[in-house]
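Commentary on secondary and tertiary structure
For reference, the chains in residue letters:
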Amino acid sequence: MSAVFVRRLALTFIITGCLSSTALAQTPSPACGGDLGAFLEGVKAEAVAKGIPASAADEALTGAQIDQKVLSRDRAQGVFRQTFLEFSQRTVSQARLDIGRQKLKQHADVFARAEREFGVAPGVITAFWAMETDFGAVQGDFNTRNALVTLSHDCRRPELFRPQLIALIEMVQHGDLNPSTNTGAWAGEIGQVQMLPKDIIAYGIDGDGDGHINVKGSSPDAILTAAKFIQSLGFKAGQPWVQEVTLPENLPWEKSGLGNEISAGEWFKLGVTPRDGNIGFANLPAALILPQGRKGPAFLTYPNFAVYLEWNQSFIYTTSAAYFATRLSGAPTYLKGTPETGLDDAGMKALQTKLEALGHDIGKVDGILGSGTRTAVQKEQARLGMPADGWPTQALLSAL
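For the structure given in this document, a descriptive report is provided here. Quantities reported herein were computed from a predicted structural model and do not represent experimental measurements.

Turning our attention to the state of the cysteines. In this structure the tally under the stated criterion is 1 disulfide. The side chain of Cys32 participates in a disulfide bridge whose partner is Cys155; the two sulfur atoms lie 2.1 Å from each other. A torsion of 105 degrees about the S-S bond marks the disulfide between Cys32 and Cys155 as right-handed. Here Cys32 is found in the loop between helix H2 (21-26) and helix H3 (36-49), whereas its partner Cys155 is found in the loop between helix H10 (144-153) and helix H11 (158-173), with 123 residues between them in sequence.

Tallying each qualifying case throughout the model produces 13 aromatic pairs. Taken together, a centroid distance of 3.9 Å and an interplanar angle of 10 degrees make the contact between Phe128 and Trp311 stacked. You can see Phe128 sitting in helix H9 (residues 122-133) and its partner Trp311 sitting in helix H15 (residues 305-311), a full 183 residues away along the chain. For the pair formed by Phe128 and Trp311, the shared burial category is buried. Between Trp129 and Phe135, the ring centres sit 5.6 Å apart and the planes meet at 75 degrees, which makes this aromatic pair edge-to-face. On the basis of relative accessible area, Trp129 is assigned to the buried category, the value being 1%. With relative accessibility at 9%, the residue Phe135 sits in the buried group. Following the ring pairs from residue to residue traces out a cluster consisting of Phe128, Tyr203, Phe229, Phe305, Tyr308 and Trp311.

With that settled, consider the packing of H3 against H10. Running from amino to carboxyl end, H3 crosses H10 at an angle of 100 degrees, the nearest separation of the two axes being 11 Å. Viewed along their axes, H3 and H10 adopt a mutual orientation that is roughly perpendicular. Contact with H3, carried on its side by Leu36, Phe39 and Leu40, involves Val149, Ser152 and His153 of H10 and no other residues of that element. For the contact of H3 with H10, the per-class residue count stands at 4 nonpolar, 2 polar and no charged.

Another point: the packing of helix H7 (residues 94-106) against helix H16 (residues 315-328). Interaxial distance between H7 and H16 falls to 10 Å at its minimum, and their mutual angle equals 60 degrees. In terms of axis orientation, H7 runs oblique to H16. Relative to H16, H7 is oriented so that their crossing is right-handed. Seen from H7, the contacting residues are Arg96, Leu97, Gly100, Arg101 and Leu104; seen from H16, they are Phe324, Arg327 and Leu328. Of the residues assigned to the contact of H7 with H16, the class counts are 4 nonpolar, 1 polar and 3 charged.

Looking now at H7. Across its 13 residues, H7 extends 18 Å between first and last C-alpha, which sits within 8% of the 18 Å expected from 1.5 Å per residue. Taken together, the buried positions of H7 are occupied by Arg96, Leu97, Gly100, Lys103 and Leu104. Around the axis of H7, the buried residues are gathered within 120 degrees of arc, so they sit on the same side. Exposed and facing more than 90 degrees away from the buried side of H7 are Gln102, Lys105 and Gln106. The inward-facing, buried residues of H7 contact helix H6 (84-91), helix H8 (108-118), H9 and H16.

Cut-offs applied
- Residues numbered from 1 in each chain as written.
- Predicted model: local features only at pLDDT ≥ 70, side-chain atom pairs only at ≥ 80, totals over all residues.
- Heavy atoms only, no water.
- Disulfide = S-S within 2.5 Å.
- Helix = DSSP H or I, 4+ residues; strand = E, 2+ residues; numbered from the N terminus.
- Phe/Tyr/Trp six-rings, centres within 6.5 Å; stacked < 30°, edge-to-face > 60°.
- Buried < 20%, exposed > 50% of the residue type's maximum accessible area, 1.4 Å probe, protein only.
- Axes fitted to C-alpha atoms, helices over the stretch in contact; angles between N-to-C directions.
- Parallel < 35°, antiparallel > 145°, perpendicular 65-115°, else oblique.
- Contact = heavy atoms within 4.5 Å.
- Nonpolar A, V, L, I, M, F, W, Y, C, P; charged D, E, K, R; others polar.
- Left-handed = near helix turned anticlockwise from the far one by under 90°.
- Expected span 1.5 Å × (residues − 1).
- Arc of directions from axis to C-beta.

In structure tokens, the structure reads:
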């Protein structure tokens, strides 16, 4: 499952949990489940009601099948357990950086247009391009039409996938997708930056001038469509997203963490020093993030970092993607530091159990260092007189 979709899937499920009776009433019957033929007739009726020709619906849905592999993948989503150093060193490899720089030169005119029209820095787009599909090399081999039919027909989250299926029919209407042959990710994402059909309809741009929006086969289309989509998420032209910094020994660590923004200038006064020497954004709000505690890499995040959190809720993914974009924009390799050894799975679960017993809302006891656990760790570190950098260690576990 791609980055953008992870966030939407989580948010939709948290908010709705299941399909509401109101949503069911608004969707032609059957809304999900039952006979596949009857279900597809309901989808066709909805598409026609939205102004899509019946012929496009027939072309898109004829031959549609349930894909059991899609259901298996949906039921077996993994969890994210790598540290920032582990994940970022794997994803922001020298090979990817070299290819990324080649792509920036190869499509220089397209990237210039993306920045001119949408204000998105080339490195930001290219980093997502690399992390999502290795610059288009790995786009997924699931039939997109069948994947969306399967997930819309399945009654687990039809309210999330059915609108994407309707959008796919609209793409067929425009001649931008062949329903029989188009492949992508298991959850319906398409193309070199893995976007969902609704977003392609809303933000798609014909970058190569062939009259079609082909985010799968055309790099100019994919680049410009991604740029317009990133702009829609709130990216501000000319502003940074993250900036690597070095830290003094006596920093008030309890001020660190996402959600604890003060002005970048205030951080500078506290001794936080940008490695690139650029203090020109002192007036912008900034948060200090320490992915592996005060002894590991450190970054200031600026308002544009919120776009990364819109793209993906994983703190490790977003920080890695943002760092990747700075490297493509000229920043040096981060300073690894000497972070303290973190807890293994059993240790994390033991820590979460103790935090939960102390009244902290950490979500599930799952061994994952999510935002709730980081916040709880920081509060307990401060209470115990330890440096409150949000990084769980054996020392904290023992102290609790």
